[in-house]
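Close look at the chain arrangement
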Amino acid sequence: MQIQDKSADKQLSDEQSREIAETIREELARCRISRQALAEQAKLSLSTLEKVLGGRRPFTLATTVRLEQALGVSLRKSPVVAAPQAANDVAPDSLGSYAHRAVTWLEDVYITLRPSFGDKDAIFAYRTEIVWEPKVSSLVFREGDRTDTAYEHTGEVAVPHQSGFIYLVIIKHGQHRVITVSRPTVAGEMYGIISTLRAGPGSQLTPIAAPIAYVPLRNVPKPSLGRVGPGDANHALYGKHLRRTVEESFALFLSV
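Below or above, wherever it landed, is the structure these notes cover. (Residues numbered from 1 in each chain as written. Predicted model: local features only at pLDDT ≥ 70, side-chain atom pairs only at ≥ 80, totals over all residues. Heavy atoms only, no water.)

Attention now goes to the pattern of salt bridges. Where charged atoms of side chains with opposite charge meet at close range, the side chains can pair. Applying the stated criterion across every chain, the model contains nine salt bridges. Here E22 ties to R101 by a salt bridge, and the two come within 3.8 Å at their closest N and O atoms. Here E22 is found in helix α1 (residues 14-31), whereas its partner R101 is found in the loop between α4 (61-71) and β1 (108-115), with 79 residues between them in sequence. Classification of E22 as partly exposed rests on a relative accessible area of 21%. Note that R244 is salt-bridged to E189, the shortest N-O span being 3.1 Å. Here R244, found in helix α5 (residues 235-247), pairs with E189, found in the loop between β6 (175-181) and β7 (190-199); they are 55 residues apart in sequence, far enough to count as distant. You can call E189 buried: its relative accessible area is 8%. In the salt-bridge network here, residues are joined through shared partners; they are E189, R244 and E248. (Salt bridge = Lys/Arg side-chain N within 4 Å of Asp/Glu carboxyl O. Helix = DSSP H or I, 4+ residues; strand = E, 2+ residues; numbered from the N terminus. Buried < 20%, exposed > 50% of the residue type's maximum accessible area, 1.4 Å probe, protein only.)

Below is the structure:
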């Protein structure tokens with residue numbers, strides 16, 4: 001007679017289930033895997049996966065093990081008593097109501113790339129740091145090492161659950177600059193669109209949109225900053241990142 005292993009059917013606690021669901025959602029976004037693909041790899045029905053991720057059914061040990069094997073990561077934490085979450089560990093609703101621990105994977109130093117607005121053959125590169133700022137209870141980004149230091153900005157980072165995109169927003173004296181980028185790829189890179197104003201002669205300003213890429217600093221052995229022209233050793237690499245924005249449909253630019 002075959003004896004069934006009852007421990008495999010053991011239901012995990014609500015707290016454990018919430019933590020596992022959150023980790024799975026982060027891995028799906030990071031690896032750009034659909035829920036359907038994950039369900040197939042874990043040999044689960046999509047309905048079961050949707051229910052456990054949505055909190056309508058607790059995880060069982062067997063389900064968790066299958067998902068761990070499919071994702072190649074550990075989903076179970078050591079049993080500890082969870083401390084009450086501090087009030088300044090959750091971003092305001094206007095930025096997506098995300099908890100700090102849920103977005104630590106975004107905290108990094110990036111090389112920011114966009115086309116030069118003044119030289120069609122050049123790429124403008126500068127440094128951007130994304131960190132958690134307890135004073136405002138959210139992620140913030142800080143630009144640096146720009147040749148046009150007068151335009152270095154600091155702004156807020158919105159991470160809404162609905163769209164799956166990340167928004168770097170600056171609102172200064174009523175003026176808005178918005179950068180919309182994808183969730184990070186496996187290598188930590190983010191691609192999207194910058195919508196801002198181009199400075200022209202005198203006080204002339206023109207609305208402009210362009211592809212933009214955030215590449216972790218560690219991914220570029222000897223980064224070049226400023227206006228990077230065709231003769232620079234990093235020009236080809238930077239151009240490849242910007243083209244990837246459009247070629248892999250991270251963002252679309254429509255012609256009239």
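This part is about the nonpolar core. Residues Y98, L139 and V157 are the most contacted members of the largest nonpolar core, which totals 26 residues. Broken down by secondary-structure element, the contributors of at least two residues to this core are β2 (123-133), β3 (138-144), β4 (154-158), β5 (166-172), β6, β7 and β8 (205-216). Considering every element that reaches this core, the biggest residue donor is β2, with four residues. Contacts of V157, omitting those with residues within four sequence positions, involve L95, Y98, I130, L139, V140, F141, I166, Y167 and L168. In terms of nonpolar packing, the next biggest core, distinct from the first, is built from 16 residues, L28, L44, V52 and L75 among them. (Core = buried A, V, L, I, M, F, W, Y, C linked by side-chain atoms within 4.5 Å. Contact = heavy atoms within 4.5 Å.)

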